[in-house]
Amino acid sequence: MINKHSPLPIYYQLEQGIKEMIEKGQLQPGEMIPSEREWSERYDISRMTVRQAINNLVNDGYLVRQRGKGTFVATKKIEQPLKGLTSFSEDMRARGMEPGTKVLSFGTIPASSSLAGQLHVSEEEEVYEIRRLRLADQLPIALEIAYVPCSLVPYLTEEIVSGSFYEFIEQKQLLTIRSATQILEASVARKVEADLLQIKEGAPVLLIQRNSYLENGQPLEVVKSVYRADRYKFMIEMER
């Protein structure tokens, strides 16, 4: 793994070597890696060099530190291609994971000026406000708030939104979801978000707003989500 005659910095060689072990499955998700002292003695390099390599891998999301326990291989991030329109439940099932939903609150509110404009309803018209915690294999992945016109789906219930909303719209309401716009931003978790997502306050998160539309152009929903950045990533395919 280490060639001291190479022009590549030793910390970089160690970093790439550990990364390769993770990618080849020689180090499994959740497995504790050797200590700084063990790496140092194994390759006869300084602990400062080892620490730099480990820090880089932690910052890149390959490793996670647990205070008082050690450093572990991070759980692989869920990758969602930014191509095609799918629901959270469909994404998780496509990856062999069991989706789950915990409804935090369900009710109606009068539409604000901003929401009314996005949902093509009158200001003060009633819209559903649905707060949900989304899970994958029982692990919290995202916190989302959805707004849906009551006039579009008059008989929506908490039981329905505890499952896949898209499946209900298409299979029960016989409506076709045609398109969506999505905005992604980087941010850090506030305390209430961190508590629900089981991460530290100030940890990196992805803020996502999705506006979905039916086949006739009618807005279906506005969804604002906070995703754990340590468990979720987006992949974009581009062609010239």
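The rules behind each value
- Residues numbered from 1 in each chain as written.
- Predicted model: local features only at pLDDT ≥ 70, side-chain atom pairs only at ≥ 80, totals over all residues.
- Heavy atoms only, no water.
- Helix = DSSP H or I, 4+ residues; strand = E, 2+ residues; numbered from the N terminus.
- Expected span 1.5 Å × (residues − 1).
- Buried < 20%, exposed > 50% of the residue type's maximum accessible area, 1.4 Å probe, protein only.
- Arc of directions from axis to C-beta.
- Contact = heavy atoms within 4.5 Å.
- Axes fitted to C-alpha atoms, helices over the stretch in contact; angles between N-to-C directions.
- Parallel < 35°, antiparallel > 145°, perpendicular 65-115°, else oblique.
- Left-handed = near helix turned anticlockwise from the far one by under 90°.
- Nonpolar A, V, L, I, M, F, W, Y, C, P; charged D, E, K, R; others polar.
- Polar contact = N/O pair within 3.5 Å; in protein donor to acceptor, adjacent residues only side chain to side chain.
- Phe/Tyr/Trp six-rings, centres within 6.5 Å; stacked < 30°, edge-to-face > 60°.
- Core = buried A, V, L, I, M, F, W, Y, C linked by side-chain atoms within 4.5 Å.

**Student:** What is the right way to look at helix H3 (residues 47-59) in this model?
**Tutor:** Counting along an α-helix, one turn takes 3.6 residues, and residues three or four places apart therefore face a common direction. With 13 residues, H3 ought to run about 18 Å at 1.5 Å a step, and its terminal C-alpha atoms sit 18 Å apart, in line with that. Listing the buried residues of H3 in full gives Thr49, Val50, Ala53, Ile54 and Leu57. Along the axis of H3, the buried residues cluster in a sector spanning 130°; they form a single face. In H3, the exposed positions angled more than 90 degrees off the buried face are occupied by Met48 and Asn59. Contact partners of the buried residues in H3: helix H1 (10-23), helix H2 (36-43), strand S1 (63-66) and strand S2 (70-73). Within two residues after H3, Gly61 carries a phi angle of roughly 90°, on the positive side.

**Student:** How should the packing of H1 against H3 be read in this particular structure?
**Tutor:** In a packed pair of helices, the relevant descriptors are the angle between the two axes and the axis-to-axis distance. Look at H1 against H3: their axes get within 8 Å of each other, and the N-to-C directions meet at 50°. The orientation of H1 with respect to H3, classified from their angle, is oblique. Crossing of H1 over H3 shows right-handed handedness. Between H1 and H3, the contacting residues are Ile10, Tyr11, Leu14, Glu15, Ile18 and Lys19 on the first element and Thr49, Val50, Gln52, Ala53, Ile54, Asn56 and Leu57 on the second. Of the residues contributing to the contact of H1 with H3, the split by class is eight nonpolar, three polar and two charged.

**Student:** I would appreciate a short explanation of the side chain of Arg132 in the present structure.
**Tutor:** Considering the arrangement of structural elements, one finds Arg132 in strand S5 (residues 126-136). Looking at Arg132, the relative accessible area reads 7%, which means it is buried. Of note is the side chain of Arg132, whose polar atom sits 2.7 Å from the side chain of Glu144. Here Gly163 takes part through its backbone oxygen, which lies 3.3 Å from a polar atom of the side chain of Arg132. Excluding anything up to four places from it in sequence, Arg132 contacts Thr101, Lys102, Val103, Leu104, Ala142, Leu143, Glu144, Val161, Gly163 and Phe165.

**Student:** Which parts of the structure should I look at to understand the packing of aromatic side chains?
**Tutor:** Two numbers describe a pair of aromatic rings. These are the distance of the centres and the angle of the planes. Applying the stated criterion across every chain, the model contains two aromatic pairs. An angle of 10° between the planes, with centres 6.2 Å apart, marks the rings of Trp39 and Tyr43 as stacked. One end of the pair, Trp39, and the other, Tyr43, are both in helix H2, four residues apart, so they sit about a helical turn from each other. Comparing Trp39 with Tyr43, the two get one shared label, buried. When the centroid spacing of 5.7 Å and the interplanar angle of 25° are considered together, the rings of Phe106 and Tyr128 count as stacked. Of the two residues, Phe106 is situated in strand S4 (residues 99-110) and Tyr128 in strand S5; the sequence distance between them amounts to 22 residues. Judged by relative accessible area, Phe106 falls into the partly exposed class, the value being 27%. The exposure class of Tyr128 is buried, given its relative accessible area of 5%.

**Student:** Would you mind going over the packing of H2 against H3 with me for this structure?
**Tutor:** It is at 9 Å that the axes of H2 and H3 come closest, and there the two elements cross at 120°. The angle between the axes of H2 and H3 places the two elements in the oblique class. Crossing angle aside, the handedness with which H2 passes H3 is right-handed. Here H2 contributes Glu36, Arg37, Trp39 and Ser40 to the contact with H3, which in turn contributes Arg47, Val50, Arg51 and Ile54.

**Student:** Help me understand the nonpolar core in this model?
**Tutor:** Nonpolar side chains in soluble globular proteins tend to be buried together. Judged by nonpolar contacts, the single largest core of 18 residues is most densely connected at Ile130, Val153, Leu156, Phe165, Ile169 and Leu220. Listed by contribution, the elements that provide at least two residues to this core are S5, strand S6 (139-149), helix H7 (165-172) and strand S9 (219-228). Looking at which element gives the most residues to this core, the answer is H7, with four residues. If we skip the residues at most four places from it in the chain, Val153 touches Tyr128, Val148, Phe168, Ile169 and Gln173.

Read these as spatial facts, not as claims about activity.
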